[in-house]
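# Structural overview for review
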Amino acid sequence: MLPYLFKYAIRNLRINWSYTLINFVGVTIGIVSLMVIGLWIGHELSYDQDGKYSDRIYRFTIERHQPDGVDSHVARTYSKWIELLPDNFAAIEKMARLWNMGKISVKAGEEKFDARQVYMVNPDFLTLFDIKLIAGKSEKALTGSQKIMVAQSIADRYFKGRDMVGKTVEMTGTWDKHFIHYEVTGIFRDFPENAHFHPQMLVSMATDSVYNDAWTYNYLLLREGNSANNILDHFSTFANEHITSQERSTITPHLQRLTDIHLRSDKERELEKNGDIKFVYFFGAAGFIALGLALINAINLSQALLIKRKRALAISKVFGARLGFIFAGFFIESLLLLTAASFAALVILNYNLPRLIDFLPSGYIEGQSLFVGVGLLVIIVAGSLLISLPQLMVLVKPFTNFHPGKINLVTLMQTRRSGSKRLLVIGQFTASIVLIICALYFTKQRNYLLDHRLGAGSDPVVLLGSLNSQVKDRYFQFKNQAEQNRSILSVTGTMQAPSEEFLDAMHFTMSDYPQGETPKGLFVSPVDANFLDFYNLPIIAGRNFAPYNRENPKEEYVVNETALKFLGFNDPMEVIGRQFKPEFSAGIFKGGTIVGVVKDFCFSTMKDEIHPFVFFQQPIWYWNFLVKIDRNHTDESVRYLKTVWNTIYPDYVFDFTFMDQTYNQAYKQEIAMARISNYFMVLTLIIAMLGLYGLASITIEQRVREIGIRKVIGAASLDIVLLLNRDFTLWVVSSVVIAIPVAWYLLDRWNENYAYHAPVSWWIFGCAGAAALFVSWLTTSYRTIRASRKNPIDVLREE
């Protein structure tokens, strides 16, 4: 019996080969889309899951509530009492502490390079994160001072595979005034791609208390059977004993699972840029929609084809075929179709994987064969049931009430099929239109973010970032020598590079300003005197900075519009000339006057609101050099900068990037969102076109006599095209009406992630609706025009 069913299924697929091809192409596209997204989602969900203690590690953070209403939740903490946690909570087995040392310059013999992910850690770090040593002994690797462990990739790249254990390297960091010798005590295996941070070097923290006043990242290993609530529920008791009342009133402790950091953490000062669970939800839904649209096509076409098979089905029933036998035939047809599509999808994935999923790490796919196999098996079985069950439902009533000579099988099938077909087509196009709207908006949002970045549209800007104290101390020497070349348009210095987080704030004193009992703090931005001119930022009141003079007894300050309102003023001239002084370490600020108000601009990314800023000149904090170069002499300018750099800083690597690249990295998720959503937009349109073409073909075959008669009595080809397209047009219009409010709601929720975003323009919805109507008309009109041009005599003779 089974061989007969397979033979019968193959025969039906071959007879209706054009519709089989339509279904095959659509389902293959859907499977490829879902598998690519499934692999990416699997990678995103795997972050920090493979560690020995991953399920027991929590990151301890503090949410601070400032008296001036400026709240913050930073991934790192700055409190001396942090080191007391393990001794006061029995639930804590160990605690790892990390201090981010920033970019480090390294010299080892003739080799010199920069390392950007260097962390000073305590010995317990090796246990919590299950560090695998390739060379050295773990129990002594980070014991004592000035010890360092090197990642395998760094050792292989810069030390040519030499045994570095026991050797000495020289390093200097952000605050170091000279190179310091460190002993290499171990080489560790690189952290996996799916870790939320990736150390290149680990430096010993001599004792836990050495950096207890520094901004450290703190990870707690809880004992078996304990949860975060065992600590949070008793934290108030600990706080009463070890934390001042003033600090207790402003903090809220949090414990965050290690495995939640990558997708569910967007705190300030994260170790690396994390992912976002909302992207997982969106792309996961898009993948299922792509496959769902293809399956809807298969369902619609299979139901429509029942009319062509009406005689065969009726005869089968006459000869005693049971409903289960008929259903088995439908199921095997679907099974064969989906199996062939799955093999085709595997071939496409195998030969085009690097281009399809270049956002996955190399070597990741090789370990996912089980996931791919099980996923395809589920798709084949579940998809076959989804395609064949609706056919069974169409036939249930005719077979239940079957009496030879009395049954009108065609009428019953048409009645049951018409409503479901309409709903499926409307649902299919609704999903397609929603994806089109989202894709168009994500592209607009990406362009909006990049077009409104600081310096957009100007000449290229080279960033020399995260510099060492010895480098920044010779900033003016570098600037003066660099600007001697005509291709170097301007050089300026800042504490933070544009696109980075800006979180440093200070309290202040200002003349004739009632501080009261609640002091306010302004975000601070040390910049060179020419910074505002460098980016063509307009002064709306007062003037720009005068050139920096170290001997000047007074300082000059410029505030932005948001700071003006934050201070309670409406007229910019009200603050010009007021005495102002930030409150910081003694001797840093001399105090001076506010000389200008600058128009608001977005220094970091447009995800964050513009903060109230005060700008001033303090060369001790120029950690980043920005160089504007002539766009017509880019290569020449970079070569000249390298020459100047090597002359002034012979011990340091010339490490640069363009600000365009920096912003592209800052908006990496938005750029990927636009690119991938555009792919899905095209794919869903292709799938919709295939489905409509198939349905239009079947509809025309069923109405071929009607077309011939209308042609005989004088109907024009255009009249026939309009008649046959009427239903499809109504369905697509209904889809547009449903899709617009759905897409509007989704985009409105999406924009909650951005302080500033592109407007949701009406033309996006108009273009999406027009695209859907154009595709439907193009697809169905092609088929109907062919039918309408046939000789009516030939049509009637064929019928």
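Cut-offs used in this document
- Residues numbered from 1 in each chain as written.
- Predicted model: local features only at pLDDT ≥ 70, side-chain atom pairs only at ≥ 80, totals over all residues.
- Heavy atoms only, no water.
- Core = buried A, V, L, I, M, F, W, Y, C linked by side-chain atoms within 4.5 Å.
- Buried < 20%, exposed > 50% of the residue type's maximum accessible area, 1.4 Å probe, protein only.
- Contact = heavy atoms within 4.5 Å.
- Helix = DSSP H or I, 4+ residues; strand = E, 2+ residues; numbered from the N terminus.
- Polar contact = N/O pair within 3.5 Å; in protein donor to acceptor, adjacent residues only side chain to side chain.
- Pairing = 2+ DSSP bridges.
- Axes fitted to C-alpha atoms, helices over the stretch in contact; angles between N-to-C directions.
- pLDDT = per-residue confidence, 0-100.
- Salt bridge = Lys/Arg side-chain N within 4 Å of Asp/Glu carboxyl O.
- Phe/Tyr/Trp six-rings, centres within 6.5 Å; stacked < 30°, edge-to-face > 60°.
- Lys NZ or Arg CZ within 6 Å of the ring centre and 35° of its normal.
- 1 Å grid on protein atoms, 1.4 Å probe; cavity = no way out; pocket = protein on both sides within 12 Å on 5 of 7 lines; lining within 4 Å.
- Points joined across faces, edges and corners; volume = space filled by probe spheres on them.
- Nonpolar A, V, L, I, M, F, W, Y, C, P; charged D, E, K, R; others polar.
- Patch = residues over 30% accessible without salt bridge, like charges linked within 9 Å, V, L, I, M, F, W, Y side chains within 5 Å.
- Areas by Shrake-Rupley, 256 points an atom, 1.4 Å probe, with all protein chains shown as cover.
- Lys, Arg positive; Asp, Glu negative; His and termini not counted.
- Charge placed at Lys NZ, Arg CZ, Asp CG, Glu CD.

### A look at the nonpolar core
Generally speaking, nonpolar side chains in soluble globular proteins are found buried as a group. With 107 residues, the main nonpolar core has Phe283, Phe442, Phe531 and Tyr535 as its most contacted residues. Every residue in contact with Phe283, bar those within four places of it in the chain, is listed here: Ile37, Trp40, Ala672, Met673, Ile676, Ser677 and Phe680. Counting 53 residues, the second largest nonpolar core, distinct from the first, contains Tyr119, Ala151, Tyr158 and Ile187.

### Quick look at the environment of Lys628
Counting through the fold element by element, Lys628 comes out in strand β23 (residues 624–629). Given a relative accessible area of 10%, Lys628 falls into the buried group. Considered as a pair, Lys628 and Tyr535 are 93 residues apart in the sequence and their alpha carbons are 9.6 Å apart. Within the structure, the side chain of Lys628 is placed 2.4 Å from the backbone oxygen of Phe534, a separation counted as a polar contact.

### Comments concerning the sheet that holds strand β14 (residues 461–464)
Strand order in the open sheet formed by four strands is β15-β23-β14-β24, and the pairing between neighbours is antiparallel. Edge positions in the open sheet fall to β15 (488–494) and β24 (657–658), since each of these has one partner strand only. In the sheet, β14 pairs with β24 via two bridges, with the strands oriented antiparallel. Bridged to Val462 within β24 is Phe658. Along the sheet, helix α20 (residues 634–648) contacts β14, β15, β23 and β24; its crossing angle with β23, the most-contacted strand, is approximately 145 degrees.

### Concerning the confidence of the model for the chain
Overall, the prediction assigns the chain a mean pLDDT of 84, with 87% of residues at 70 or greater. This stretch, residues 399–417, has a pLDDT under 50; its non-local contacts, to residues over four places away or in other chains, come to 31 contacts.

### Details of the pattern of salt bridges
Counted under the stated rule, the structure contains 20 salt bridges. The partner of Asp660 in a salt bridge is Arg453, and the shortest N-O contact between them spans 2.5 Å. You can see Asp660 sitting in helix α21 (residues 659–666) and its partner Arg453 sitting in the loop between α15 (409–451) and β14, a full 207 residues away along the chain. Residue classification places Asp660 among the partly exposed residues on the basis of a relative accessible area of 40%. You can call Arg453 buried: its relative accessible area is 17%.

### Section: the environment of Ser302
Tracing the backbone shows Ser302 in helix α11 (residues 277–305). A sequence separation of 86 residues divides Ser302 from Ser388, and the C-alpha atoms of the two residues are 8.0 Å apart. Leaving out residues up to four positions away in the same chain, Ser302 has contacts with Ile387 and Gln391.

### Some details on the packing of aromatic side chains
For the coordinates displayed, the defined rule picks out 51 aromatic pairs. Taken together, the ring pairs in this structure connect Tyr475, Phe476, Phe478, Tyr548, Tyr622, Phe625, Trp645, Tyr649, Phe654, Phe656 and Phe658 into an aromatic cluster. Positioned above the aromatic ring of Phe179, the side-chain terminus of Lys107 is 4.4 Å from the ring centre. Over the aromatic face of Phe534 sits the side chain of Lys628, whose NZ or CZ is 4.8 Å from the ring centroid.

### Here's the deal with the pairing of strand β5 (residues 111–115)
Where strand β4 (residues 104–108) lies against β5, five bridges are found, and the strand directions are antiparallel. Directly across from Ser105, in β5, lies its bridge partner Asp114. The hairpin turn running from β4 into β5, its antiparallel successor, is two residues long, and Gly109 in that turn takes a positive phi close to 65 degrees.

### Some details on empty space enclosed by the protein
The final tally for this structure, using the stated rule, is five cavities of 30 Å³ or more. Counted as a void, the largest cavity has a volume near 200 Å³. Forming the boundary of the largest cavity are 17 residues, of which Leu13, Asn23, Ser302, Leu305 and Glu333 lie nearest the centre. Counted by class, the lining of the largest cavity contains eight nonpolar, seven polar and two charged residues. Each pocket or cavity is described by its volume, and for the second largest cavity that value is around 90 Å³. Forming the boundary of the second largest cavity are Lys103, Ser105, Asp114, Ser466, Leu467, Asn468, Val471, Trp645, Tyr652, Val653 and Asp655. Taken together, the residues of the lining of the second largest cavity sort by class into five nonpolar, three polar and three charged.

### As for the side chain of Asn297
Looking at where Asn297 falls in the secondary structure, it is placed in helix α11. For Asn297, the contacting residues outside a window of four places in its chain are Asn23, Gln428, Ile687, Leu690 and Gly691.

### Digging into unusual backbone geometry
Phi angles above zero are rare outside glycine, and Asp130 is one such case at about 50 degrees. Structurally, Asp130 can be placed in the loop between α4 (124–128) and β7 (133–136). Asp130 sits in the partly exposed class, given a relative accessible area of 24%. Within the chain, Ser499 stands out as a residue other than glycine whose phi angle is a positive 90 degrees. With respect to the helices and strands, the residue Ser499 is situated in the loop between β15 and β16 (505–510).

### Things to note about a negative patch on the surface
A surface patch of like charges, here negative, comprises Asp266, Glu501, Asp608 and Glu609. Examined against the element boundaries, Asp266 turns out to sit in the loop between α10 (261–264) and α11. On the accessibility criterion, Asp266 (75% relative accessible area) is exposed.

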